[in-house]
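Descriptive analysis of the structure
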Amino acid sequence: MAERCAVIGVGQTQHTSCRADVSIAGLVREAVDRALESAQLTMADIDAIVIGKAPDMLEGVMMPELWLVDSLAAAGKPVFRVHTAGSVGGSTAIVAAQHVMSGVHKRVLTVGFEKQSDGNAMWALSVPMPFGMPVHAGAGGYFSPIIRSYIKRSGAPSHIGCMVAVKDRTNACRNPYAHLHEPDWTLEKAMASPMLWDPVRMVETCPSSDGAMALVLASEDVADAHDGPKAWVHATAMRSEPTAFAGRNQVSPRASEDCANDLWRKAGITSPIDEIDAVEMYVPFAWFEPMWLESLGFAPKDHGWRFVEDGVTEMTGRLPVNCSGGVLSTNPIGASGMLRFGEAAMQVMGIAGEHQVDSVRKAFGHAYGGGSQFFAMWVVGKDKP
Amino acid sequence: MSDDVLRIRTPISIKYQYSAGPRVSSHLLGLMDGRFVGKRCPVCELVYMPPRNGTCAKCGALLGEDVEVGQRGTITTFCVVNVPFLGQTIKIPYVSATILLDGADMGMQHLIQEVDAADVRMGMRVEPVWRPREEWQPSLENVMHFRPTGEPDAPFESYAGHL
Amino acid sequence: MREVAIIASAQADNTSTTTSTPVEMLIPVIQQVLANASMTKTDIGFWCHGSCDYMTGQPFSFVSAVDALGAWPPIIESHVEADGAFALYEAWLKIQTGEIDTALVFGNGRSSSGDINRILTLQLDPYVVGPLWPDDRSIAAMQARACLESGVVTERAMAEVAQRSHRNALTNPKALRRGDHSIEALMAAQLVADPLRELDCPAHADGVTAVIIAAGDRARSLADRPAWIRGIDHRIESQNLGNRSMTTLPSAALAAHKAGVANDKIDVAELHAPYSHQELLLTSALGLSESTTINPSGGALCANPMMSAGLARFAEAATRVMNGTADRAIGHASSGAWMQQNLVCVLEGE
């Protein structure tokens, strides 16, 4: 029943800790202009705009999409704003795809962004609430006990997190847009990185970035007429579960497993490890790579860490993960999910430059947010679904 | 017009009023009395301490009867904090743990002190150390931290479902 | 296009303030709308909601709303930083893709959490307008002044909007303000932001609205007379206060055109116009005639629970279609200063 939809344009900003050289509008336009150029379209060609970002306290502007209308040539068009916490970049891409798949629009521009250096990100992410629990642990403190549980349950050796970190930071050196360009990481150096929230080390932790990612999504007729590369949306899926309830499994949340199973079913994929050629998954703390590999069905339970150790997820491995450098190298919160979805599309489109994997026919994009409770995923492919 | 004007600092100040709501309020009043008062879900009958949002998120139901839990509990998982951050007042490294109070069905977060960080382990039995009564507020900060009781560790099965 | 209809709705009583948490306010309304539809949570294919962090004074504030849904086993859920009416739009799109057949959408918010007039200032250009801190009511007053000076609106017409709204609200148990006021009394009332008087301004409220939509035959099985969404569209215009019309609403007119408002008569229009003069602009933009009953619920002048006020208009319009008092109705939601963004929905009985 759904109309076909393809990504025909991708554009992102130079991500870094502080883009003092541009306004919020300038940051967004940098990504948007590149996406439009990539799609060989102009602003006037766009039918609808879908914007995603995380809490507005990060920039101090409430519902900035209202103000950005002029900058996005959006007057007279539908503008839509998604906010689903950390997964927002991914869910925004899905909502944008639905604008096309519903048959309502033909050319949809979507952008995820965060200019978090404008505000105080640490404050904005955990504004102290009265009557709430005293915050003793900071951001990483929420996830590190979960990681500890995974390590204990799976028997993973302690260097796995560092292996992922070295891989992602090295991959980022092949991505000119990535925030962190740190070419000298070795496993030995990583294991000496300071422990922040035991068992999570500094090198295993994502940065705080300013950045934006934009995609142009098109209906089948528009995509067919487009003479540039394209990535067909094969399937999308989203799932949510509550933050906290008695007995909740946060190592492999059920919402993650249900979302992945739904996605594979819709995409007609029976063996993800065999049928997916490149993965962009949301790994803000390195240990989440082995955890998500298992949760998503790429690796059997308690074997995700073995994939890492065996080099399966290296660029040259059987299942390259985060060749872009991932969230570990670039994390503008509102954009990160769309970066994953967009980088997956880039792999299929063959436009990932130095971090391009050979012969990618199908790629997987993944985003998650909140207390590992919101999940958004898609499969994109070279062929029509 | 100066070419150097690239940034503008615009302070924002907004006053908000927050309400704990009736259900969380009974928990907070318990803290004013040195007690851990949780609430039971009328649908699944599990006990939440603290009664987050006054709701059982699994059932989508408003929590019901008050249930006192603790004072003692078991550490189900923890992390050793080694990073300075905004608002931190305790000397690093220190342990932040999830503690399953006796009688509760979901853990709560708090500090662990009076033990070396390296000696903290899953299953450790702990008890609260309260501030002086005259300092009490409607807040879990009435408890300065939890410390080991010295009891033998709780068996894994007793908290395995809460990891 | 798949046929989609509103088949049930529920609203909290609008209050000027409450000591309940947002989640405590939400749960009874979610349970009520499901009960009204004779559905359970497992019958719902998609949950979508609208709310605003800055209004709540908490980042990620929508996350606690998920606690109200009993999201176990995990659900398909999404959130917009906008009025719940936009959540309905997202759900309508998702139904069109064929992925789902039913959706429960809601909007919630406590306008009383902070000074809402001041909070809305944060929507404005952060470099050159926001730092001057023009509050929402003052900005609306500027527009009203321009409308009066240009003759597009008269003080009496504004008073008539206020009078009609408040009288209509006498029969709306959910409204926050209601009353029988004479035009003379209204026009003599104290100005709060010249030319606006208190009753020209929205009745800021804490509230929740929930609506269930369903596709095709599923809708027919759930309601005797579903309110079919025959057209739905939203458009936005520039926010730039110095560079846009103060006396017309082009985005509303365009959305109305795309939604097919003019295809047939409109019996009832529930319009989310926060200020009295804006209702007049909107009525003109939508091309409504004298025969249309406007805001039988009392509209935003009698209850404006931000983030659910627009969805409440949809609920009120749908209710009248479903109970047979209207054959064709409009539900409308707006957002942004001077009604910058407009979502128009045409509802019809079968």
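Since this is a predicted model, take the numbers as computed values, not measurements.

This paragraph deals with the overall build of chain C. Broken down by element type, chain C carries 13 helices and 12 strands. On C-alpha atoms alone, chain C measures out to a radius of gyration of 19 Å, which is about the 20 Å that the 2.2 N^0.38 rule sets for 350 residues. Counting only C-alpha atoms, chain C reaches 55 × 45 × 35 Å along its principal axes. Looking at chain C as a whole, 66% of its 350 residues qualify as buried. Contacts spanning at least 24 positions in sequence make up 79% of the contacts within chain C whose residues lie at least 6 apart.

A separate point is the overall build of chain B. In terms of helices and strands, chain B carries one helix and 10 strands. Each principal axis of the C-alpha atoms in chain B carries an extent, and together these give about 70 × 40 × 35 Å. Across the 163 residues in chain B, those meeting the buried criterion constitute 38%. Across chain B, the fraction of contacts at a sequence separation of at least 24, relative to all contacts at a separation of at least 6, is 55%.

Residues and elements named next belong to chain C. Over its 13 residues, helix H4 (residues 84-96) runs 19 Å from end to end, which matches the ideal 18 Å to within 8%, given 1.5 Å per residue. With 13 of 13 residues buried, H4 lies mostly within the body of the structure. One or two steps after H4, the chain reaches Gly98, where phi turns positive at roughly 90°.

On to the environment of A:Lys167. Residues and elements named next belong to chain A. When you line up the elements, Lys167 lands in helix H6 (residues 160-172). In this structure Lys167 comes out as buried when scored by C-beta crowding, with 27 C-beta atoms within 10 Å. Through-space distance from the C-alpha of Lys167 to that of Ala235 is 28 Å; in sequence the pair is 68 residues apart. If we ignore the near neighbours within four places in the chain, the residues touching Lys167 are Thr313 and Glu314.

Turning next to the interface of chain A and chain B. Many structure descriptions define interface size as the accessible area lost when the parts assemble. Across the boundary between the two partners, chain A contributes 28 residues, which contact 32 residues of chain B. Those elements giving two or more residues to the side of chain A that touches chain B turn out to be helix H4 (121-125), helix H5 (138-154) and strand S5 (195-198) of chain A. Counting residues per element, the side of chain A that touches chain B draws most heavily on H5(A), at six residues. Looking at the side of chain A that touches chain B, its residues break down into 18 nonpolar, eight polar and two charged. Where S5(A) lies against strand S6 (residues 73-81) of chain B, two bridges are found, and the strand directions are antiparallel. Its bridge partner lying in S6(B), A:Trp197 is registered against B:Val81.

Quick look at the interface of chain C and chain A now. In this assembly, 48 residues from chain C lie in contact with 49 residues from chain A. Those elements that provide at least two residues to the side of chain C that touches chain A are helix H2 (53-56), helix H3 (62-66), strand S3 (77-80), H4 and strand S8 (227-236) of chain C. The leading source of residues in the side of chain C that touches chain A is H4(C), at five residues. Looking at the side of chain C that touches chain A residue by residue, the class counts come to 24 nonpolar, 15 polar and nine charged.

Next up on the list: the packing of helix H7 (residues 155-168) of chain C against helix H11 (residues 276-285) of chain C. To describe two helices that pack against each other, one gives the angle between their axes and the distance between the axes. Residue and element names in this part refer to chain C. Where H7 meets H11, the axes come as close as 8 Å, and the angle between the chain directions of the two elements is 100°. Of the possible angle classes, the one that applies to H7 and H11 is roughly perpendicular. Seen from H7, the contacting residues are Ala157, Met158, Val161 and Ala162; seen from H11, they are Ser276, His277, Glu279 and Leu280. Looking at the contact of H7 with H11 residue by residue, the class counts come to five nonpolar, two polar and one charged.

Residues and elements named next belong to chain C. According to the domain assignment, chain C consists of domain 1 (4-114 + 204-226) and domain 2 (117-202 + 228-348). Distance from the C-alpha centre of domain 1 to the C-alpha centre of domain 2: 22 Å. Counting residues at the interface gives 38 residues for domain 1 and 30 residues for domain 2. Listing elements by their share of the side of domain 1 that touches domain 2, those giving two or more residues are strand S1 (4-11), H2, H4, strand S4 (102-110) and strand S7 (206-215). Residue contributions to the side of domain 1 that touches domain 2 peak at six residues, all from H4. Class assignment of the residues belonging to the side of domain 1 that touches domain 2 gives a composition of 18 nonpolar, 16 polar and four charged.

As a further point, take unusual backbone geometry. Outside of glycine, negative phi angles account for most residues, and trans bonds account for most peptide bonds. Note that the residue after A:Asp198, namely A:Pro199, is joined by a cis bond; omega there is 15°. Within the fold, A:Pro199 resides in the loop between S5 and strand S6 (200-201). Omega for the bond connecting B:Gly70 with B:Gln71 falls within 30 degrees of zero, at 10°, which places this linkage in the cis form. Within the fold, B:Gln71 resides in the loop between strand S5 (66-69) and S6. The phi torsion at A:Asn322 lies on the positive side, around 60°, for a residue other than glycine. Of note, A:Asn322 is situated in the loop between helix H12 (304-309) and helix H13 (326-329).

Quick look at the sheet that holds S5(B) now. All names here are of chain B. Judged by pairing direction, the sheet is antiparallel, and its three strands sit side by side in the order S2-S1-S5 without closing on themselves. Looking at which strands have only one partner, the edges of the open sheet turn out to be strand S2 (47-48) and S5. The strands touched by helix H1 (residues 21-31) are strand S1 (36-40) and S5; relative to S1, the strand with the most contacts, the crossing angle is about 155°.

The next subject is the environment of B:Val83. Residues and elements named next belong to chain B. Locating Val83 in the fold gives a position in the loop between S6 and strand S7 (94-101). Look at Val83 and you get partly exposed, because 19 C-beta atoms sit within 10 Å. Between the C-alpha atoms of Val83 and Tyr94, which are 11 residues apart in sequence, the distance is 9.6 Å.

Here we take up the confidence of the model for chain C. In the predicted model, chain C carries a mean pLDDT of 97, and the fraction of residues at 70 or more is 100%. The ipTM assigned to the predicted complex is 0.98, against a pTM of 0.97.

Here the focus is the packing of helix H3 (residues 88-101) of chain A against helix H14 (residues 333-349) of chain A. All names here are of chain A. Their axes nearest at 5 Å, the elements H3 and H14 cross at an angle of 60°. Taken together, the axis directions place H3 and H14 in an arrangement best described as oblique. Note on element contacts: H14 touches H3 through Gly334, Ala335, Ser336, Gly337, Met338, Leu339, Arg340 and Phe341, opposite Val88, Gly89, Gly90, Ser91, Thr92 and Ala93. Here the residues of the contact of H3 with H14 are counted per class, giving six nonpolar, seven polar and one charged.

This part is about the pairing of strand S2 (residues 46-50) of chain C. All names here are of chain C. With respect to burial, S2 is a largely interior element, five of its five residues being buried. Side chains Phe46, Cys48 and Gly50 of S2 all project onto a buried face; the interleaved residues Trp47 and His49 project onto the opposite face, where all are buried too. As paired elements, S2 and S4 share five bridges and run parallel to each other. Its bridge partner being in S4, Gly50 is matched across the sheet by Gly107. Sheet topology places S2 next to S3; four bridges connect them, and they run parallel. When the sheet's bridge partners are listed, Cys48 is paired in S3 with Ser78.

The next subject is H7(C). Over its 14 residues, H7(C) extends 20 Å from the first C-alpha to the last, a length consistent with the 20 Å expected when each residue adds 1.5 Å. Those residues of H7(C) hidden inside the fold are in contact with helix H8 (183-188), H11 and helix H12 (299-302) of chain C.

Below, the discussion takes up the pairing of S7(B). Residue and element names in this part refer to chain B. Of all eight residues that make up S7, seven are buried, and the element is covered over most of its length. Across eight bridges, the pairing between S6 and S7 is antiparallel. Each bridged residue has a counterpart across the sheet, and for Val81 the counterpart in S7 is Tyr94. Two elements, S7 and strand S8 (residues 108-112), share five bridges in a ladder whose sense is antiparallel. Residue pairing across strands places Ala97 opposite His110, the latter belonging to S8. Between the antiparallel neighbours S7 and S8 lie six residues, among them Gly103 with a positive phi of about 105°.

How each quantity is defined
- Here the residue index of a chain counts from 1 through its sequence in written order.
- Chains and ligands are labelled by the order in which they are written, letters from A for the one and numbers from 1 for the other.
- Since the coordinates come from a predicted model, pLDDT governs what is reported: local features require at least 70, and pairs of side-chain atoms require 80 or more to be given and counted, while whole-chain, interface and lining totals use all residues.
- Helix and strand definitions follow DSSP, with helices as H or I runs of at least four residues and strands as E runs of at least two, each counted in order from the N terminus.
- In this setup the radius of gyration rests on C-alpha atoms only. A globule is expected at 2.2 Å times the number of residues raised to 0.38.
- Three exposure classes are used, based on other C-beta atoms lying within 10 Å of a residue's own C-beta, which is placed from the backbone: buried for 20 or more, exposed for 12 or fewer, and partly exposed in between.
- In this description, any two residues whose backbone-derived C-beta atoms lie within 7 Å of each other are considered to be in contact.
- The span expected for a helix works out to 1.5 Å for each residue beyond the first.
- All residues other than Ala, Val, Leu, Ile, Met, Phe, Trp, Tyr, Cys, Pro, Asp, Glu, Lys and Arg, Gly among them, are scored as polar; the first ten of these are nonpolar and the last four charged.
- In this scheme, strands are said to pair when DSSP sees at least two bridges between them.
- Only the contacting stretch of a helix is used when fitting its axis, a line to C-alpha atoms as for every element, and angles between N-to-C directions run 0 to 180 degrees.
- To sort the angles, those under 35 degrees are grouped as roughly parallel, those over 145 as roughly antiparallel, those from 65 to 115 as roughly perpendicular, and the leftovers as oblique.
- Note that the domain bounds were set by an automatic or database domain assignment.
- Each residue carries a pLDDT score, the predictor's own confidence in it, on a scale running from 0 to 100.

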